Amino acid sequence: MNAHWPMPAGLHTASARLPIEGELPSFSGATGWLNSPPLTPAGLRGKVVLANFCTYTCINWLRQLPYVRAWAGKYSSQGLVVIGVHTPEFGFEHDAGNVRRAVQDMNISYPLATDNDYAVWRAFDNYYWPALYFADTQGRIRHHHFGEGEYQQSEMVIQALLADAGSGGISHDLVTPDAPGIEAPADWAALRSPENYTGYERTENFASPDGVIPGKPHQYTAPAQLRLNHWALAGDWTVGEQATTANTPGGQITCRFHARDLHLVMGPAAPGTSIGFQVLLDGQPPGSAHGADVDGQGHGTAAGQRLYQLIRQPGPVSDRTFQITFAGPGAQAYAFTFG
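Thresholds, definitions, all that
- Residues numbered from 1 in each chain as written.
- Predicted model: local features only at pLDDT ≥ 70, side-chain atom pairs only at ≥ 80, totals over all residues.
- Heavy atoms only, no water.
- Helix = DSSP H or I, 4+ residues; strand = E, 2+ residues; numbered from the N terminus.
- Buried < 20%, exposed > 50% of the residue type's maximum accessible area, 1.4 Å probe, protein only.
- Contact = heavy atoms within 4.5 Å.
- Patch = residues over 30% accessible without salt bridge, like charges linked within 9 Å, V, L, I, M, F, W, Y side chains within 5 Å.
- Areas by Shrake-Rupley, 256 points an atom, 1.4 Å probe, with all protein chains shown as cover.
- Salt bridge = Lys/Arg side-chain N within 4 Å of Asp/Glu carboxyl O.
- Phe/Tyr/Trp six-rings, centres within 6.5 Å; stacked < 30°, edge-to-face > 60°.
- Lys NZ or Arg CZ within 6 Å of the ring centre and 35° of its normal.
- Expected span 1.5 Å × (residues − 1).
- Polar contact = N/O pair within 3.5 Å; in protein donor to acceptor, adjacent residues only side chain to side chain.
- 1 Å grid on protein atoms, 1.4 Å probe; cavity = no way out; pocket = protein on both sides within 12 Å on 5 of 7 lines; lining within 4 Å.
- Points joined across faces, edges and corners; volume = space filled by probe spheres on them.
- Disulfide = S-S within 2.5 Å.

**A few points about the overall build of the protein chain**
Alright, step 1. Along the backbone of the protein chain there are five helices and 18 strands.
Alright, step 2. Along the first, second and third principal axes, the C-alpha set of the protein chain runs to 65 × 40 × 30 Å.
Alright, step 3. Within the protein chain, the proportion of its 339 residues that are buried is 53%.
Alright, step 4. The long-range share in the protein chain, meaning contacts at least 24 apart out of those at least 6 apart in sequence, stands at 73%.

Okay, here's the thing in C-alpha cells:
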C-alpha cells in the first residue's frame, strides 16, 4: 500500500513540527498486565511512549505486529517504551489464559495491558484496532495512526521524538521485519472481499434460504451457487449474537470470496477440547493454496479460539468458493477476514 501520510520536512532531525494532540492518558483502568508490572504516568515520564491498541484475532493488527515488535527491539534501549493495550472484540478474548497464550505464541515481550473493561480505550477516546499513539517524554501525544500501513512514517516519528529527547546515535535506517504466515502484508491489489461476521449482530450477505434464525438451533442448507462475498451454512447450527455454533458433526460453512488469503476466527466452544475440520477450494483440496493452519488436503484441527489461516493462494487471484466441514459438534465461527 502506498503511504499517504504528509511527512513534514526535517522530521528526522526535530519533532517541533509534530502537533501536541493532548496528554497521554493513564493506563490505570487496565484489568491486568503481561510482561510488566503496571505502568504509571509518573514512571513513564522521561520516556517516549508508543501505545498500540490491539485484539489478538484482528488480522489488521497481526499484519502490523512485526513492525511494533521490531520497533520495541530496536529502540527500547534508547528510551522508547512500547505498550500494547489488548481491548477484546470477542467474548473469548477476555480470557486471560487465551491472551497469555497468544502473547507467547506471537513472541511479544514488551508490556501489554489487558483492557477487558474498555477503560483505557475510553480514556484514549479510541475507536480502532489497530491504533498507534506516540507520546513525547513530557507525556504529550504528538502523533497517532489508525489501521495498517505508513510504517516508515511511524518509525520516523519515533526517531524524531527520541532525538528531541536527547538520545544520541539514533540511526535513520528503518526496520524491515520478516513477516511470514499470518503476519505477511495483504495483497491489496487483489483484495475484493471485506471482513464479515457470522454472528447475527453484524453479519452481512447470508445466503441460506431460510435466512438467519437468531439464537435457536436450525437445520440450514446452502444454495447451489453463491454470489461474491456471500456465505451460507449447511447442517444443524445455532447462530448467536457473536458466534455461530455447530450442533452436530458435519456442519459446513461456505463462502464465495476474492482474495489471496482467507482466515476464519474460530475454535471449540468447550475450552481444552479440539475439533478436526477439512477445507475445500472450489470443491477440491486446496493443495498449494493451503493456509498455515491446514495441509494440502485441507485437514486441520481447531484447538483454541483464534484466527486460523485456511487459504493462501500462490497464483493469480480470482473468485473462489471456500468450504469448511467440521468433524464434530461444538465448533464456533466468529468472522471471516481476508488478505
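**Quick word on a nonpolar patch on the surface**
Alright, step 1. On the surface, Tyr127, Tyr128 and Phe146 cluster together into a nonpolar patch covering about 340 Å² of accessible area.
Alright, step 2. The class of phenylalanine 146 is partly exposed, set by a relative accessible area of 32%.

**A short note on the packing of aromatic side chains**
Two numbers describe a pair of aromatic rings. These are the distance of the centres and the angle of the planes.
Alright, step 1. Within the structure shown, the criterion is met by 25 aromatic pairs.
Alright, step 2. A centroid spacing of 5.5 Å and a plane angle of 55° characterise the contact between tyrosine 118 and tryptophan 121, whose relative ring orientation is tilted.
Alright, step 3. Judged by its relative accessible area of 10%, tryptophan 121 is buried.
Alright, step 4. Ring pairs connect the aromatic residues Phe27, Trp33, Phe53, Tyr118, Trp121, Phe124, Tyr128, Trp129, Tyr133 and Phe146, which therefore count as one cluster.
Alright, step 5. Directly above the aromatic system of tyrosine 197 lies the positively charged group of arginine 202, at a separation of 3.8 Å from the ring centroid.
Alright, step 6. Over the ring of tyrosine 308 we find arginine 306, and its NZ or CZ is 3.8 Å from the ring centre.

**With respect to helix H5 (residues 151-164)**
Alright, step 1. An ideal rise of 1.5 Å per residue puts 20 Å on 14 residues; H5 measures up with 20 Å between its terminal C-alpha atoms.
Alright, step 2. For H5, the tally of buried residues reaches 11 of 14 residues, placing the bulk of the element in the interior.
Alright, step 3. Residues Tyr151, Gln153, Ser154, Glu155, Met156, Val157, Ile158, Gln159, Ala160, Leu161 and Leu162 constitute the buried set of H5.
Alright, step 4. The inward-facing, buried residues of H5 contact strand E3 (48-54), helix H2 (59-75), strand E4 (80-86), strand E6 (131-135) and strand E7 (140-146).
Alright, step 5. Directly after H5, the chain includes glycine 166, whose backbone phi takes a positive value near 95°.

**Section: H2**
Alright, step 1. For H2, built from 17 residues, the straight-helix expectation of 24 Å at 1.5 Å per residue is met to within 8% by its first-to-last C-alpha distance of 25 Å.
Alright, step 2. Looking at H2, one finds that the buried residues are Ile59, Trp61, Leu62, Arg63, Gln64, Leu65, Pro66, Val68, Trp71, Ala72 and Tyr75.

**So, the side chain of glutamate 155**
Alright, step 1. In this structure, glutamate 155 sits in helix H5.
Alright, step 2. Within the structure, the side chain of glutamate 155 is placed 3.0 Å from the backbone nitrogen of valine 175, a separation counted as a polar contact.
Alright, step 3. Once you skip the residues sitting within four places of it in the chain, glutamate 155 turns out to touch Trp71, Lys74, Tyr75, Asp173, Leu174 and Val175.

**Regarding the environment of glutamate 241**
Alright, step 1. With respect to the helices and strands, glutamate 241 occurs in the loop between strand E10 (231-239) and strand E11 (244-246).
Alright, step 2. For glutamate 241, a relative accessible area of 45% corresponds to the partly exposed category.
Alright, step 3. Along the primary structure glutamate 241 and glycine 97 are separated by 144 residues, whereas in three dimensions their C-alpha atoms are 23 Å apart.
Alright, step 4. When near neighbours in sequence (up to four residues on either side) are disregarded, glutamate 241 contacts Gly199, Tyr200 and Glu201.

**Focus: the pattern of salt bridges**
Alright, step 1. Here the structure, examined in full by the defined rule, presents 11 salt bridges.
Alright, step 2. A salt bridge links glutamate 155 to lysine 74, with the nearest nitrogen and oxygen atoms 3.4 Å apart. Residue glutamate 155 is located in helix H5, and its partner lysine 74 is located in helix H2; the two are separated by 81 residues in the primary sequence.
Alright, step 3. What makes lysine 74 partly exposed here is its relative accessible area of 23%.
Alright, step 4. The salt bridge partner of glutamate 89 is arginine 202, with a shortest N-O separation of 3.2 Å. Taken together, the residues span a long stretch of sequence, with glutamate 89 in the loop between E4 and helix H3 (96-105) and arginine 202 in the loop between strand E8 (196-197) and strand E9 (217-220) at a distance of 113 residues.

**Things to note about the layout of surface pockets**
Alright, step 1. A volume near 490 Å³ is recorded for the largest pocket.
Alright, step 2. The wall of the largest pocket is formed by 21 residues, among which Tyr56, Asp105, Gly304, Gln305 and Arg306 lie closest to the centre.

**Considerations on the state of the cysteines**
Alright, step 1. Applying the stated criterion across every chain yields a total of zero disulfides.
Alright, step 2. The structure places no disulfide on cysteine 58, whose sulfur is separated from the nearest cysteine sulfur, that of cysteine 54, by 8.7 Å.
Alright, step 3. Take cysteine 58: its relative accessible area is 8%, and that puts it in the buried class.
Alright, step 4. Left without a disulfide partner, cysteine 255 is nearest to the cysteine sulfur of cysteine 58, which lies 18 Å away.

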